[in-house]
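Listed below, chain by chain, are the residues.
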Amino acid sequence: MAKFAIAANKGTASVRTIVNARAAASAGARGRVYDYMVGSPASPADAAFDHELFRTSTAGTQSANTPNPLDPADLAATGFAASDTYTVDPSIGALLMRVPVNQRGTYRWVAATGGELVWPVTANNGISGGLQTASATDFSATMMVDSQ
Amino acid sequence: MRRPQGYAVWSGDAPVVERDTITCFHCQAIVHVKPGTASTVYLLPPPPGAPIGAPWTEIGGYGCYTCQRPICPACGEQGGCDPWEKQLDRMEARDRLLRAVG
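Computed from a prediction, not measured in an experiment: that's the story for all the values here.

Draft legend 1. Geometry of the overall build of chain A. Helix and strand counts for chain A come out as zero helices and twelve strands. The N-to-C order of helical and strand elements in chain A reads β-β-β-β-β-β-β-β-β-β-β-β. Computed over the C-alpha atoms, the radius of gyration of chain A is 14 Å, within 12% of the 15 Å expected from 2.2 N^0.38 for a compact globule of 148 residues. In terms of overall dimensions, chain A has C-alpha extents of about 40 × 30 × 25 Å along its principal axes. Every one of the 148 residues in chain A was classed for burial, and the buried ones make up 53%. Partitioning the contacts of chain A with sequence separation of at least 6, the portion at a separation of at least 24 is 89%.

As structure tokens, this is what we get:
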């Protein structure tokens, strides 16, 4: 297991998903999300958004995002895949967290050991950071994952 | 809070707000905790679409008597004990079976 950073951008498509990490379609591995931070690079505005972390079960229509290992000695990710810039959301499952965040502000959640969010070794099952309602507002997020 | 399972922080648009969180041992939902209550008081966010600065709702915390871990309100109301790691094992076993039978 190694730690990876996924620096993602939602884009301006009217979708919910900002970033997704999921077990690979084949030879997948469990992964643990232990850090998530989100903010908006759009022009500052006072607008309330409900940010969420939720489970997903498909890949959706998106752009691949290469996870970066935090330790340069670690190999590239093989057991999981990451995506951003969605145009069609993945299949959204259980809601894990919902928090209101002003568009001007940022939010960060960090897990202590034992509090990480875990996805199963089932193809394309993963965890996404996104919005409660589809929006064309651009957001950026970084998700830290412990997987292989 | 002793041994919080997570930490959350809001910053940028107002004074920094920090909260401890727990991760439900049954479904892994993240619940924010009222400071100084040792996870006995949970904070639920305002409903979707609420205006900026809308207050959060305080409710009593939940713990599972079987696994002795903090759980979310939904799992607390549902009852029973089905830890997430056991659910993962079942999901993965079913997936292996489906792959094996084609």
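Let's pick the thread back up.
Draft legend 2. View of the overall build of chain B. Each helix and strand counted, chain B has two helices and seven strands in total. Listed N to C, the secondary structure of chain B is β-β-β-β-β-β-β-α-α in terms of helices and strands. Taken over the C-alpha trace, chain B has a radius of gyration of 17 Å; the compact-globule value for 102 residues is 13 Å, which it surpasses by more than 25%. C-alpha extents for chain B along the principal axes are approximately 55 × 30 × 25 Å. By the burial criterion, 34% of the 102 residues in chain B qualify as buried. Long-range pairs, those at least 24 residues apart, make up 32% of the contacts in chain B with a sequence separation of at least 6. Roughly 6,100 Å² of accessible area belongs to chain B as shown, and the carbon and sulfur atoms make up 55% of that amount. If you average the places of the 10 positive and of the 10 negative side-chain charges in chain B, the two averages end up 6 Å apart.

Draft legend 3. Examining helix α2 (residues 84-101) of chain B more closely. Residues and elements named next belong to chain B. With 18 residues, α2 extends 26 Å between its outermost C-alpha atoms, agreeing within 8% with the 26 Å of an ideal straight helix rising 1.5 Å per residue. Of the positions making up α2, those classed as buried are Trp84, Gln87, Leu88, Glu92 and Asp95. One side of α2 carries all its buried residues, which in axial view fall inside an arc of 130°. Residues of α2 that are exposed and angled more than 90 degrees away from the buried face: Lys86, Arg94, Arg96, Leu97, Ala100 and Val101.

Draft legend 4. Focus on the interface of chain A and chain B. Contact with chain A, which involves 36 residues of that partner, is made by 33 residues of chain B. Between chain A and chain B lies a buried interface of about 2,600 Å² when both sides are counted; carbon and sulfur atoms form 52% of it. By the criterion of area lost to chain B, the three top residues of chain A are Arg30(A), Arg98(A) and Pro100(A), representing 19% of everything that side buries. Put simply, chain A and chain B have four salt bridges between them. A salt bridge links Glu92(B) to Arg30(A), with the shortest nitrogen-to-oxygen separation between them at 2.8 Å. Elements that contribute at least two residues to the side of chain A that touches chain B include exactly β4 (48-56), β8 (92-102), β9 (106-111) and β10 (117-119) of chain A. Top element by residues in the side of chain A that touches chain B is β8(A). It accounts for seven residues.

Draft legend 5. Broad picture of the sheet that holds β4(A). All names here are of chain A. A sheet is described by the order of its strands in space; here six strands give the open sequence β5-β7-β2-β11-β4-β8, paired in antiparallel fashion. Edge strands, defined here as strands with exactly one partner in the open sheet, are β5 (61-64) and β8. Between one strand axis and the next, the sheet turns by 25° as a mean value, whatever way the strands run. Sheet topology places strand β2 (residues 15-23) next to strand β7 (residues 80-88); five bridges connect them, and they run antiparallel. Considered in β7, the bridge of Ala21 is made with Ala82.

Draft legend 6. Inspection of the packing of aromatic side chains at higher detail. In this structure the tally under the stated criterion is six aromatic pairs over all chains. Judged by centre distance (5.6 Å) and plane angle (85°), the ring pair of Trp10(B) and Trp56(B) falls under edge-to-face. Here Trp10(B), found in strand β1 (residues 6-11), pairs with Trp56(B), found in the loop between β4 (41-44) and β5 (57-60); they are 46 residues apart in sequence, far enough to count as distant. The class of Trp10(B) is buried, set by a relative accessible area of 12%. Here a set of aromatic residues connected by ring pairs shows up, and it is made of Phe4(A), Phe80(A) and Trp119(A). In this structure, Lys3(A) is placed above the aromatic ring of Tyr34(A), and the distance from its NZ or CZ to the ring centre is 5.7 Å. Between the NZ or CZ atom of Arg69(B) and the centre of the ring of Phe25(B), over which it lies, the distance is 4.4 Å.

Criteria and cut-off values
Residues numbered from 1 in each chain as written. Chains lettered and ligands numbered in written order. Predicted model: local features only at pLDDT ≥ 70, side-chain atom pairs only at ≥ 80, totals over all residues. Heavy atoms only, no water. Helix = DSSP H or I, 4+ residues; strand = E, 2+ residues; numbered from the N terminus. Rg over C-alpha atoms; globule rule 2.2 N^0.38 Å. Buried < 20%, exposed > 50% of the residue type's maximum accessible area, 1.4 Å probe, protein only. Contact = heavy atoms within 4.5 Å. Areas by Shrake-Rupley, 256 points an atom, 1.4 Å probe, with all protein chains shown as cover. Lys, Arg positive; Asp, Glu negative; His and termini not counted. Charge placed at Lys NZ, Arg CZ, Asp CG, Glu CD. Expected span 1.5 Å × (residues − 1). Arc of directions from axis to C-beta. Buried area = accessible area lost by both parts, 1.4 Å probe. Salt bridge = Lys/Arg side-chain N within 4 Å of Asp/Glu carboxyl O. Pairing = 2+ DSSP bridges. Axes fitted to C-alpha atoms, helices over the stretch in contact; angles between N-to-C directions. Phe/Tyr/Trp six-rings, centres within 6.5 Å; stacked < 30°, edge-to-face > 60°. Lys NZ or Arg CZ within 6 Å of the ring centre and 35° of its normal.

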